[in-house]
Amino acid sequence: MKTRLNSLMKFSYICFLMSLAAFPAWAQADQSVHAEASASKDHDDHIPFDPDHAIESEHEVTILGEKVPYKATTGMMPVWDADGHVEAGVFYVYYERTDVKDKTTRPIVFSFNGGPGSASLWMHLGYTGPRILHIDDEGYPLQPYGVKDNPYSILDVADIVFVDPVNTGFSRIVDKDVPRDRFFSVNGDVRYLSEWVSNFTSRQGRWASPKYLIGESYGTVRVSGMALALQQREWMHLNGVVLVSPTDLGISREGPVAAANYLPYYAATAWYHEQLAPAHQNRPLTDFLAEVEGFTIDELLPAIAKGATMPEETRQAMAQQMADYTSIDAKVYLQHNLAMPTSYFWKELLRDEGYTVGRLDSRYKGIDAKEAGDRPDYNAELSSWEHSFTPAINIYLRDELGYTTDLKYNVFGPVHPWDRSGNNTGANLRLAMAENPYLHVLTQAGYYDGATDYFNAKFNMWHLDPSGKMNDRISFEGYESGHMMYLRYDDLRASNQSLREFIQRTIPAADEPAKY
């Protein structure tokens, strides 16, 4: 590996610190214990920080049997204000295939994770990058920690940029007097990252390339908003947006819809843990879920909408059918007015066996201090993921890519309070698609994700464009895994292949006009 340092130390900064509040329901993580831990570990304000530098290294990986040589550029690029003053430095890792000389037709993918407050390590070392975690085939931690080649990376068909938003990863604020909403708000986040992507594209000479955004969890809010911001503010048009385990994107679903929509996820999780009667348990998961989805839309939702006017026999029938699909006693559903909270489900499903189930991936089991209660003590899946990701990202960046810094890599960074007002990102994505006939959207979701569940992801698709006129440009892929479906080896292969095919089919033929 050869390494070339190209940096100019410009100044030091004092990073202002904020305690990391608990993540909300649609976020990458949701536990105050992680917030407190993050706040207590942020003590690098004395460390010199250069917001504009990079190193390069050469590598090779075998993808689908083909040797792919590539260059990794690891570094910082500034966020500037309108006067050219540096406000922050954003950390990135940029992978370019080096045996492709013509970049005009070579796609480039910008990758963002969520939180808000989460770094890009999850999809970087778990999903699309050329190197992935050393974990078992179901995604559980293994020692020794580290990374290995990713035989399914999309680097064979597209270059990739993994971006850490401000205060995540090694990214830091330079100007402590910048208003908080510049970085830590739905629309501020969209605005500055769109500016950054535009500047990065100019610096790397990639304006001719087909361009894609991929976001996971809250990152789907980010990239949905960026699709329109890039078009309207930066005059950059995309070929595709990929939504991995999407949030609600600001699309309303209160009341009966919110209550009914979780049932298919409950049923999927009960099926995975073999809690159902043979008539359901012995069926393929997707066949079973098709039945549950039909019941949810055609019977449960209209029944819940009746509220207090629902006939008692209907109420009893709904509760009994829900119990049949999920193994949770009908009495429990009746006690919750047919709207059982997800937190109670995670505690209740395996209560008699002495376990809880995970929130972001309900395949994972946890052990609470007491079997009684209405919510788990902790998120079993998140603890497992941090177990394997945190050592791996530090080993990879510092030792393998040769990036030298005394800064701590913020897996979850101090970005809270986060201003969530004005979240119209779903509507923004629809408008971006309407304005740009080249723009396609792919949604990927795991059936066992209880935070950003797959059926609500489908609901997003149905209501992203209620007219149905853009259905041919919106697609969905489901996986027998959770929030980070790619941690399961079979789904790593399948989900990357879906991305590869999505990219290939959304590049128009030469001279094909963008028009209706």
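Our structure's up above, just so we're on the same page.
About the cut-offs
- Residues numbered from 1 in each chain as written.
- Predicted model: local features only at pLDDT ≥ 70, side-chain atom pairs only at ≥ 80, totals over all residues.
- Heavy atoms only, no water.
- Axes fitted to C-alpha atoms, helices over the stretch in contact; angles between N-to-C directions.
- Helix = DSSP H or I, 4+ residues; strand = E, 2+ residues; numbered from the N terminus.
- Parallel < 35°, antiparallel > 145°, perpendicular 65-115°, else oblique.
- Contact = heavy atoms within 4.5 Å.
- Nonpolar A, V, L, I, M, F, W, Y, C, P; charged D, E, K, R; others polar.
- Pairing = 2+ DSSP bridges.
- Expected span 1.5 Å × (residues − 1).
- Bend = angle between axes of the 7 residues up to and from the residue.
- Core = buried A, V, L, I, M, F, W, Y, C linked by side-chain atoms within 4.5 Å.
- Buried < 20%, exposed > 50% of the residue type's maximum accessible area, 1.4 Å probe, protein only.
- Left-handed = near helix turned anticlockwise from the far one by under 90°.
- Phe/Tyr/Trp six-rings, centres within 6.5 Å; stacked < 30°, edge-to-face > 60°.
- Salt bridge = Lys/Arg side-chain N within 4 Å of Asp/Glu carboxyl O.
- Lys, Arg positive; Asp, Glu negative; His and termini not counted.
- Polar contact = N/O pair within 3.5 Å; in protein donor to acceptor, adjacent residues only side chain to side chain.

1. Brief notes about the packing of helix α2 (residues 121-128) against helix α12 (residues 380-400)
Two numbers describe how α2 lies on α12: the axes approach to 10 Å, and their chain directions differ by 90 degrees. The angle between α2 and α12 falls in the class roughly perpendicular. Residue-level contacts link Leu121, Trp122, His124, Leu125 and Gly126 of α2 to Trp385, Glu386, Phe389, Ala392, Ile393 and Tyr396 of α12. Looking at the contact of α2 with α12 residue by residue, the classes come out as eight nonpolar, two polar and one charged.

2. Overview of the pairing of strand β2 (residues 53-63)
Summarising the sheet, β2 and strand β3 (residues 66-80) pair through eleven bridges and their orientation is antiparallel. By the bridge assignment, Glu58 is partnered in β3 with Lys71.

3. A word on α12
End to end, α12 covers 30 Å across 21 residues, agreeing with the expected 30 Å (1.5 Å per residue, within 8%). Taking the largest bend as the criterion, α12 deviates by roughly 25 degrees, centred on Glu386. With its phi angle positive at about 75 degrees, Gly402 sits one or two positions after the end of α12.

4. Focus on the nonpolar core
Residues Phe112, Val161, Phe183, Trp196, Val241, Tyr333 and Leu429 are the most contacted members of the largest nonpolar core, which totals 95 residues. Discounting chain neighbours no more than four positions away, the residues touching Tyr333 are Leu263, Tyr266, Ala319, Met322, Ala323, Thr326, Ile328, Leu338, Ala339 and Met340. With 64 residues, the next largest nonpolar core counts Ala72, Val86, Val147 and Ala451 among its residues.

5. Some points on helix α3 (residues 186-204)
The terminal C-alpha atoms of α3, which comprises 19 residues, lie 27 Å apart, in line with the 27 Å expected from a rise of 1.5 Å per residue. The positive-phi residue at the C-terminal boundary of α3 is Gly205, with phi of around 65 degrees.

6. Thoughts on the pairing of strand β14 (residues 440-446)
With seven of seven residues buried, β14 lies mostly within the body of the structure. What you see with β14 is no split at all: His440, Leu442, Gln444 and Gly446 on one side and Val441, Thr443 and Ala445 on the other are buried throughout. Of the pairings in the sheet, the one linking strand β11 (residues 240-244) to β14 comprises five bridges and is parallel in character. Within the sheet, the bridge partner assigned to Leu243 lies in β14 and is Thr443.

7. A closer look at unusual backbone geometry
Geometrically, the link from Gly115 to Pro116 is a cis peptide bond, its omega value of -5 degrees lying close to zero. Mapped onto the elements, Pro116 comes out in the loop between β5 (108-112) and α2. Looking along the chain, the bond that leaves Gln143 and enters Pro144 is cis, with omega of 5 degrees. For Pro144, the location among the structural elements is in the loop between β6 (131-133) and β7 (147-149). Positive phi, close to 75 degrees, is recorded for Asn167, a residue that is not glycine. Looking at the secondary structure, you find Asn167 in the loop between β8 (159-164) and β9 (172-173). For Asn167, a relative accessible area of 1% translates into the label buried.

8. Brief notes about the packing of helix α6 (residues 263-272) against helix α8 (residues 285-305)
One can describe the packing of α6 onto α8 by two numbers: an axis separation of 9 Å at closest approach and a directional angle of 150 degrees. Compared by their axis directions, α6 and α8 come out roughly antiparallel. Here α6 and α8 pass one another in a crossing that is right-handed. Facing Leu263, Pro264, Ala267, Ala268 and Trp271 of α6, the residues of α8 in contact are Leu285, Phe288, Leu289, Val292, Glu293, Phe295, Thr296 and Leu300. Looking at side-chain class alone, the contact of α6 with α8 contains eleven nonpolar, one polar and one charged residues.

9. Overview of the packing of aromatic side chains
Across all of its chains, the model carries 32 aromatic pairs by this definition. Residues Phe110 and Phe200 carry aromatic rings whose centres are separated by 5.9 Å and whose planes lie at 85 degrees to one another, so their mutual orientation is edge-to-face. Pair noted here: Phe110 is in strand β5 and Phe200 is in helix α3, with a separation of 90 residues, a long-range link. Here Phe110 matches Phe200 in class, with each residue buried. Plain terms: the ring middles of Tyr127 and Tyr486 are 4.6 Å apart, the flat faces sit at 10 degrees to each other, and that makes the pair stacked. Highlighted residues: Tyr127 in helix α2 and Tyr486 in the loop between β15 (474-479) and α15 (489-505), separated in sequence by 359 residues.

10. Some details on the pattern of salt bridges
If the charged atoms of two oppositely charged side chains come close together, the side chains can form a pair. For the structure shown, the criterion picks out 26 salt bridges. The partner of Arg131 in a salt bridge is Glu400, with the nearest N and O atoms 2.8 Å apart. Placement of Arg131 in strand β6 and of Glu400 in helix α12 is noted, with a sequence separation of 269 residues between them. By relative accessible area, which is 15% here, Arg131 ends up buried.

11. Thoughts on the environment of Phe200
For Phe200, a relative accessible area of 0% gives the class buried. Measuring from C-alpha to C-alpha, the distance between Phe200 and Asn167 comes to 19 Å, with 33 residues separating the pair along the chain. In this structure Phe200 touches Met77, Tyr92, Tyr94, Phe110 and Val161, once residues within four positions along its chain are discounted.

12. Quick word on the side chain of Ser384
Within the secondary structure, Ser384 sits in helix α12. You can call Ser384 buried: its relative accessible area is 10%. For Ser384, the residues in contact, after removing those within four places along its chain, are Tyr140, Pro141 and Tyr364.

13. Quick word on the environment of Glu195
Relative to the elements of secondary structure, Glu195 occurs in helix α3. A sequence separation of 31 residues divides Glu195 from Met226, and the C-alpha atoms of the two residues are 9.5 Å apart. Non-local contacts of Glu195, meaning those with residues more than four positions away in its chain, are made with Trp80, Arg182, Arg233 and Glu234.

14. Concerning the side chain of Asp449
Tracing the chain through its elements places Asp449 in the loop between β14 and α14 (454-464). Despite being buried, Asp449 has no salt bridge partner; Arg359 is the closest side chain of opposite charge, sitting 6.8 Å away. Here the side chain of Asp449 touches Thr452 through a polar contact of 2.5 Å, side chain to side chain. Ignoring any residue separated from it by four or fewer positions in sequence, one finds Asp449 in contact with Ser245, Tyr265, Arg359, Leu360, Tyr454, Ser481, Gly482 and His483.

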